[in-house]
Amino acid sequence: MKRRSRSSNQGFAMLLVMIYIFLAVAVIATVSTAVISASRTTGNLDASRKALEAAEYGEVQAMMSFSDGNGANLGLADWRKLNEPLSSGPAIPRRIPAFGEPGVSPLLLAALPSAEYIAMTETPWHVAQNGGSAATVESPERQTLVMVYAAGRCGNAERRVEAVYRPVNVEKDVQSKRFTRISWRELPTAP
């Protein structure tokens, strides 16, 4: 029986194969981590976009309800009852509550079943246009500004908006039911 001697190159070949396997595993792990991270980021951005769409939808629904003369407490009727001011002083803008507060019943957005919203309107000021400046007055030319606060939530993402509307000019004897948005901003989320 003849014995074959081992070549000195066999150990080197085995070392190269092991290095290639290690590098392949490292590349696959790096690519997998990048794909998972990108997927999470995309999911978070998509949820944030849906939450903003829900908040804007709530804003529009609140203004439509307000224009029709109905109360514009979308998902907040019970919360409003719990948080009515004790004094009958001048109306001040309120904060929009967090989704988990007592009395808050978020409404689902039909187009985005995973998104929900709440919205409310306030009429804190009566102002008139007086040479381009706004002043508090009680005159027939006054315009009632309407503040709309809305919040949308989708998954863990929450977005809040505030908009200011004023009536579209119509005849002085008829109260306007059409409004135009004059200001919009996004609010920070509840702590």
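Criteria and thresholds
- Residues numbered from 1 in each chain as written.
- Predicted model: local features only at pLDDT ≥ 70, side-chain atom pairs only at ≥ 80, totals over all residues.
- Heavy atoms only, no water.
- Helix = DSSP H or I, 4+ residues; strand = E, 2+ residues; numbered from the N terminus.
- Buried < 20%, exposed > 50% of the residue type's maximum accessible area, 1.4 Å probe, protein only.
- Contact = heavy atoms within 4.5 Å.
- Areas by Shrake-Rupley, 256 points an atom, 1.4 Å probe, with all protein chains shown as cover.
- Pairing = 2+ DSSP bridges.
- Phe/Tyr/Trp six-rings, centres within 6.5 Å; stacked < 30°, edge-to-face > 60°.
- Core = buried A, V, L, I, M, F, W, Y, C linked by side-chain atoms within 4.5 Å.
- Polar contact = N/O pair within 3.5 Å; in protein donor to acceptor, adjacent residues only side chain to side chain.
- Patch = residues over 30% accessible without salt bridge, like charges linked within 9 Å, V, L, I, M, F, W, Y side chains within 5 Å.
- Salt bridge = Lys/Arg side-chain N within 4 Å of Asp/Glu carboxyl O.

## Quick look at the overall build of the protein
(1) Moving on: For the protein, the count of helices and strands is two helices and nine strands.
(2) Moving on: Written out in order from the N terminus, the α and β elements of the protein read α-β-α-β-β-β-β-β-β-β-β.
(3) Moving on: Across the 191 residues that make up the protein, the buried fraction comes to 31%.
(4) Moving on: In the protein, 54% of the contacts between residues at least 6 apart in sequence involve partners at least 24 apart.
(5) Moving on: If you sum the accessible surface of the protein, you get close to 13,200 Å²; carbon and sulfur atoms cover 57% of it.

## Looking at the pairing of strand S7 (residues 146-154)
(1) Moving on: Among the nine residues in S7, eight count as buried, and that is most of the element.
(2) Moving on: Across eight bridges, the pairing between strand S3 (residues 112-122) and S7 is antiparallel. For Glu-122, the partnering residue across the bridge sits in S7 and is Met-147.

## Re the environment of Pro-102
(1) Moving on: Along the chain, Pro-102 turns up in the loop between helix H2 (77-82) and strand S2 (107-109).
(2) Moving on: Of the residues examined, Pro-102 reaches a relative accessible area of 62% and is grouped as exposed.
(3) Moving on: Residues Pro-102 and Leu-82, 20 residues apart in the sequence, show an inter-C-alpha distance of 8.3 Å.
(4) Moving on: For Pro-102, the residues in contact, after removing those within four places along its chain, are Trp-79 and Leu-82.

## Brief notes about the packing of aromatic side chains
(1) Moving on: Inspection of the entire model under this criterion finds two aromatic pairs.
(2) Moving on: Between Tyr-57 and Tyr-117, the ring centres sit 5.3 Å apart and the planes meet at 80 degrees, which makes this aromatic pair edge-to-face. With Tyr-57 in helix H1 (residues 8-67) and Tyr-117 in strand S3, this pair connects stretches of sequence that are 60 residues apart.
(3) Moving on: Looking at Tyr-57, the relative accessible area reads 34%, which means it is partly exposed.
(4) Moving on: Looking at Tyr-117, the relative accessible area reads 7%, which means it is buried.

## Description of the nonpolar core
Inside soluble globular proteins, nonpolar side chains tend to come together where they are buried.
(1) Moving on: Judged by nonpolar contacts, the single largest core of 23 residues is most densely connected at Ala-62, Met-63, Leu-109, Ala-115, Val-146, Val-148 and Tyr-165.
(2) Moving on: When residues of this core are traced back to their parent elements, those giving at least two are H1, S3, S7 and strand S8 (157-167).
(3) Moving on: When residues of this core are assigned to their parent elements, the largest contribution, seven residues, is made by H1.
(4) Moving on: Non-local contacts of Val-148, meaning those with residues more than four positions away in its chain, are made with Glu-59, Ala-62, Met-63, Met-120, Thr-121, Val-161, Glu-162, Ala-163 and Tyr-165.
(5) Moving on: Counting residues in each nonpolar core, the second largest holds 13 residues, with Leu-76, Ile-96, Met-147 and Leu-187 among its members.

## Comments concerning the side chain of Glu-122
(1) Moving on: Along the chain, Glu-122 falls in strand S3.
(2) Moving on: In terms of polar contacts, Glu-122 uses its side chain to reach the side chain of Arg-80, at 2.8 Å.

## With respect to a nonpolar patch on the surface
(1) Moving on: A cluster of nonpolar side chains, Phe-12, Leu-15, Leu-16, Ile-19, Tyr-20, Phe-22 and Leu-23, forms an exposed patch at the surface whose accessible area comes to about 740 Å².
(2) Moving on: Along the chain, Phe-22 turns up in helix H1.
(3) Moving on: Overall, the relative accessible area of 59% leaves Phe-22 in the exposed class.

Function-wise, these values are silent; they only describe arrangement.
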